[in-house]
Amino acid sequence: MSRRATGLRAWFLQRATAIYLLLFIVFLLQQMILNPPQDFAAWQGWVAQPLVGLGLILFFASLLVHAWVGFRDVLIDYVHPTAIRVTLLTLAGFILIGCGFWVLKIIITAATA
Amino acid sequence: MKFSVYRYNPESDSEPYMQAFEVEQRQGMMLRDALLAIQAQDESFTFRHSCGEGVCGSDGVNVNGSNKLACITALADLKEPVEVRPFPGRPVIRDLVVDMSQFYAQFKQVDPWLIHKDPMPEQEILQSPEERDQLDGLYECIMCGCCSTSCPSFWWNPDKFLGPQALLTACRFLADSRDQAKEERLDKLEGPYKLFRCHTIMNCVESCPKDLNPTKAIGHIKAIMLKDAI
């Protein structure tokens, strides 16, 4: 990441993902309240719709990017010793990427079952 | 009227303490008058002040938890006992006097002067009334420091985050039609610290004795930066 990317880009990504997260949460709530899946098969069928599956993947990708920028902000504000900051950032990075692959696996398995 | 005032003399005190004072309240009395009355009771009590009418920006203090200019803060509006402390987050030199050098260093970082690259014209550089209007709400800052020293982002990173005062000034020169260093100014603000430590907490807006809005100015800089980047 270039030096230029660390300020403006992080800030922009945080805003952009926030908008998508908000819109998708509204969509998700509306789905779960008005038309909740009755059983596991119905849920699978719902996720298997390409638009829903894609929307979900995008939702979790946004969530992880948003969490990364937020966590990085907290560390820059409060954690000043370099060694601890780097360790925490790396740990958070691995956890977030791990969560990303995990959620991707869940969605793909559900959609293709 | 009862006062509880922060006292610290690094030459004789091992740590700071709060001292109680009582001042007779007259009508229309400002906090600065009360501090002068306290000084008459105890001449070792130290604080900065000068013009006494909210113009010089010398007597910024923390009153009942918020940063204010003592000279334009009416005693009638304050809850007793009035707790007067130095600006939070700044090294205390003595009593209410704090070291503001970091604050001035951040101000200097934004090149607070017009940069004009074209050859200077014979006469003054003219501005239309509309162009002049762009500077309203930006140029009036008296640099009292109430905003920056109430900003949590400035408390955590005063050496790297410019703080609301310097960013307001940066916006003032970005908004000036006569300035020709927009790119350089924006480049200087890049990175995660100088500008982007602002989390829109808005303590700066709350505390500004001149009713300026540094948060809005910071948002304006971000918008200019975004427009410039895409």
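See the structure shown above.
Residues numbered from 1 in each chain as written. Chains lettered and ligands numbered in written order. Predicted model: local features only at pLDDT ≥ 70, side-chain atom pairs only at ≥ 80, totals over all residues. Heavy atoms only, no water.

A.B. asks: I tried to follow helix α4 (residues 82–112) of chain A on my own but got confused; where do I start?
C.D. replies: One turn of the α-helix equals 3.6 residues, which is why residues spaced by three or four share an orientation. Residues and elements named next belong to chain A. Helix length check: α4, at 31 residues, gives a terminal C-alpha distance of 44 Å against a target of 45 Å (1.5 Å per residue), a fit within 8%. Taken residue by residue, α4 has Arg85, Ala92, Gly93, Leu96, Gly100, Val103, Ile107 and Ala110 as its buried positions. Close packing links the buried residues of α4 with α2 (40–48) and α3 (50–78). (Helix = DSSP H or I, 4+ residues; strand = E, 2+ residues; numbered from the N terminus. Expected span 1.5 Å × (residues − 1). Buried < 20%, exposed > 50% of the residue type's maximum accessible area, 1.4 Å probe, protein only. Contact = heavy atoms within 4.5 Å.)

A.B. asks: Could you clarify how one ought to interpret the interface of chain A and chain B in this entry?
C.D. replies: Taken together, the 14 residues of chain A in the interface contact 14 residues of chain B. Surface buried jointly by chain A and chain B totals about 1400 Å² across both partners, of which 56% is contributed by carbon and sulfur atoms. Run the count over chain A and chain B and you get two salt bridges. The partner of Arg197 of chain B in a salt bridge is Asp73 of chain A, and the shortest N-O contact between them spans 2.6 Å. For the pair chain A and chain B, the number of links is eight residue pairs in polar contact (both at pLDDT 80 or more). When residues of the side of chain A that touches chain B are traced back to their parent elements, those giving at least two are α1 (8–34) and α3 of chain A. Here the side of chain A that touches chain B takes five residues from α3 of chain A, the largest share from any one element. Within the side of chain A that touches chain B, the residues separate by chemical class into five nonpolar, three polar and six charged. (Buried area = accessible area lost by both parts, 1.4 Å probe. Salt bridge = Lys/Arg side-chain N within 4 Å of Asp/Glu carboxyl O. Polar contact = N/O pair within 3.5 Å; in protein donor to acceptor, adjacent residues only side chain to side chain. Nonpolar A, V, L, I, M, F, W, Y, C, P; charged D, E, K, R; others polar.)

A.B. asks: Would you take a moment to explain the nonpolar core for this structure?
C.D. replies: The biggest cluster of nonpolar side chains holds 28 residues, and the ones touching the most others in it are Leu167, Leu189, Leu195, Ile221 and Met225 of chain B. Among the secondary structure elements, those contributing two or more residues to this core are α1 of chain A together with α5 (163–174), α6 (182–189) and α8 (214–229) of chain B. Looking at which element gives the most residues to this core, the answer is α5 of chain B, with six residues. Residues contacting Ile221 of chain B, with those up to four places away along its chain left out, are Leu167, Ala170, Cys171, Leu174, Leu186, Leu189 and Leu195 of chain B. (Core = buried A, V, L, I, M, F, W, Y, C linked by side-chain atoms within 4.5 Å.)

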